[in-house]
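Results of the structural survey
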Amino acid sequence: MSDSPVSPLTLICVGSSFAFSGLFYHLYQQKKQEIHKIEEIPKVQLNKDLIKILAASRGKRLGYAVVEGIVQPQGEPLASQYVPRCFGVIQKVIVQEHKKVWSSITNTWNDRKQNTKESTNTVPFSLVPRGGDGGDGVSIQVVSPLEASNLCLEPVYRRLRKAQEGFVDYIAQGLSGEKPVGLQETEEMLRVGATLTGFGELVLEPGRVLKLQPPLDGQEYLLLLSDYKSFLQQHQASLSMWKVLTALSGLAGATLLAYIIYRKYWRQRDNSQA
């Protein structure tokens, strides 16, 4: 056996493995608590029983609950500007200019995005039960959807219109150090018929009108482009990932530490027999 001491690199690897294991365990616990909080939020079914629940509640409202349904416009939907027979209730169009800028430091052309123009259109819409869920014509109006945190829309169109370049443009590029690439047009929509899961305050108003709106107590207003089960499964998959990384990092650190102890033991034994 060699009498050489344990290398600093080995010690760093051991310490790093245990440090990462601790970090991953912390993230695992955070995600576990987050899932627990999500599961504690009351999940209501979109049917006539919801009207009875709200009617019996204080102030005819639930301060924070989760409900799932299918997007349905209350009037005429929005038509896509680019895709035929594509309709939605929220529409966002983004036009962004792409350029290449010359860098004298690296002697390369670098991409740059600028002059972004964004427009958003909405129409009133409701959530209705899935077909066959026994909703009995019950629907819930979605109030102030643009106030929702992390509102994710579905990209329905993306295209880069390349800039037309001529002889004069090449001269200008040499003088300015910039050359246009084109305009990127992107359209995102919350489409009619999409599954939407909402976290917010549920209110029953006169005329048996149901509404989902931003909570008054400051809790997060969420509109998710998925069903509740898929949303929960995504969090559980993240939980499993942190759990596996915790175990692997800890195992790597323990293996290296055992190797160090093993080498030290045999080195001391050889020295005592010498």
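Right, let's walk through the structure included here. In this text, all values refer to a predicted model and were calculated from it rather than measured experimentally.

Comments concerning the pattern of salt bridges
Per the stated rule, a full pass over the model turns up six salt bridges. Among the ionic pairs, Arg130 bridges to Glu68, the shortest N-O distance being 3.4 Å. On the criterion of sequence distance, the pair formed by Arg130 in the loop between strand 6 (125-128) and strand 7 (140-142) and Glu68 in strand 2 (residues 61-73) is long-range, its members being 62 residues apart. Given a relative accessible area of 35%, Arg130 falls into the partly exposed group. Between Glu205 and Lys211 there is a salt bridge, and its shortest N-O distance comes to 3.1 Å. The class for Lys211 is buried, based on a relative accessible area of 19%.

Topic: the pairing of strand 2
Sheet topology note: the strand 1 (residues 43-44)/strand 2 ladder contains two bridges and is parallel. Looking across to strand 2, one finds that Lys43 is bridged to Val66. In the classification by handedness, the crossover that spans strand 1, the intervening helix 2 (residues 48-56) and the parallel strand 2 is right-handed. Strand direction decides the pairing type here: strand 2 and strand 10 (residues 195-205), joined by eight bridges, are antiparallel. Bridging from a neighbouring strand, Leu62 pairs with Leu202 of strand 10.

Rules of the game
- Residues numbered from 1 in each chain as written.
- Predicted model: local features only at pLDDT ≥ 70, side-chain atom pairs only at ≥ 80, totals over all residues.
- Heavy atoms only, no water.
- Salt bridge = Lys/Arg side-chain N within 4 Å of Asp/Glu carboxyl O.
- Helix = DSSP H or I, 4+ residues; strand = E, 2+ residues; numbered from the N terminus.
- Buried < 20%, exposed > 50% of the residue type's maximum accessible area, 1.4 Å probe, protein only.
- Pairing = 2+ DSSP bridges.
- Right-handed = clockwise from strand over helix to strand, strands pointing away.

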